[in-house]
Amino acid sequence: MSAVANPATVGECLRVGAGFSQGDRNWIAEQFATLDARLAGFHADATELEVSVKDREARGQKVTLECWIAGRQKIVTTSTEEDLHAALNDVRDDLRRKLNDAKTRQEPRNNKHLRDIPQPQGDIDPIDEDPARADAETV
């Protein structure tokens, strides 16, 4: 994996949407801090996160976390947990899972399961590889 000059972090990329105020942003960024390690593989300029809540603190509240990374499909995670803290943790964990799945799909060469499958080896005679060598050995 190549090193990213300006790695994405939750603090840089997070926007708060409907249902949250700017005052909630720092608290939410602290809750999502564990995503920093996963986002570090992407450029901060090309990564955006937005969290929003519908019907906050009501019985049917719905928390949504959207992630845009340039060159990839938008990832959306939702939670209908009644406790706001639990709902935020739920969408955070779901986003981490989806980012890992997307990486595995995009870069199968890094998939341990694919590396563990033995690759078929062709029966190549070393003499057949270099014709000049084959002539020298038959003389």
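All of the points below concern the structure found in this document. In this text the structure is predicted, and so the values were computed from the model without any measurement.

Some details on unusual backbone geometry
In this model, D55 sits at a positive phi of 60 degrees, which is unusual for a non-glycine residue. Residue placement: D55 occurs in the loop between β2 (47-54) and β3 (62-69). Among the residues examined, D55 registers a relative accessible area of 46% and is labelled partly exposed.

Here's the deal with the nonpolar core
Counting 27 residues, the largest nonpolar core has F32 and V51 as its most contacted members. Counting residues per element, the ones that place at least two in this core are α1 (10-13), β1 (14-16), α2 (22-31), β2, β3 and α4 (84-106). Top contributing element to this core by residue count: α4, with six residues. When near neighbours in sequence (up to four residues on either side) are disregarded, F32 contacts V10, L14, V51, L65, L88, V91 and R92.

Points about the pairing of β2
Across the eight residues of β2, six count as buried, placing the element largely inside the fold. As paired elements, β1 and β2 share three bridges and run parallel to each other. Of the residues in β2, the one forming a bridge with R15 is E50. The pairing of β2 with β3 spans eight bridges and is classified as antiparallel. Across the sheet, E48 pairs through a bridge with W68, a residue of β3.

Regarding the pairing of β3
Buried residues dominate β3, accounting for six of its eight residues. In this sheet, strand β4 (residues 75-79) lies alongside β3 in antiparallel orientation, the contact comprising five bridges. Residue T64 lies in a different strand from β4, and its bridge partner there is T78. Turn length for the β3-β4 hairpin, with the two strands adjacent in sequence and antiparallel, is five residues, and the turn residue G71 shows positive phi of about 85 degrees.

Considering the sheet that holds β3
Strand order in this open sheet of four strands is β1-β2-β3-β4, and the pairing throughout is mixed. Lying at the two open borders of the sheet, with one neighbouring strand each, are β1 and β4. Adjacent strand axes in the sheet meet at a mean angle of 15 degrees, parallel and antiparallel pairs treated alike. Contacts from α2 reach β1 and β2 within the one sheet, and its direction differs from that of β1 by about 140 degrees.

Some remarks on the pattern of salt bridges
In the structure shown here, the tally under the stated rule is eight salt bridges. Salt-bridge contacts for E50 lead to R15; the nearest nitrogen and oxygen are separated by 3.1 Å. Here the residue E50 occupies a position in strand β2, and R15 occupies one in strand β1, the gap between them amounting to 35 residues. Across the pair R96 and D93 runs a salt bridge, and its minimum N-O distance is 3.3 Å. Pair noted here: R96 and D93 are both in helix α4, with a separation of three residues, about one helical turn. The class of R96 is partly exposed, set by a relative accessible area of 25%.

The rules behind the values
- Residues numbered from 1 in each chain as written.
- Predicted model: local features only at pLDDT ≥ 70, side-chain atom pairs only at ≥ 80, totals over all residues.
- Heavy atoms only, no water.
- Helix = DSSP H or I, 4+ residues; strand = E, 2+ residues; numbered from the N terminus.
- Buried < 20%, exposed > 50% of the residue type's maximum accessible area, 1.4 Å probe, protein only.
- Core = buried A, V, L, I, M, F, W, Y, C linked by side-chain atoms within 4.5 Å.
- Contact = heavy atoms within 4.5 Å.
- Pairing = 2+ DSSP bridges.
- Axes fitted to C-alpha atoms, helices over the stretch in contact; angles between N-to-C directions.
- Salt bridge = Lys/Arg side-chain N within 4 Å of Asp/Glu carboxyl O.

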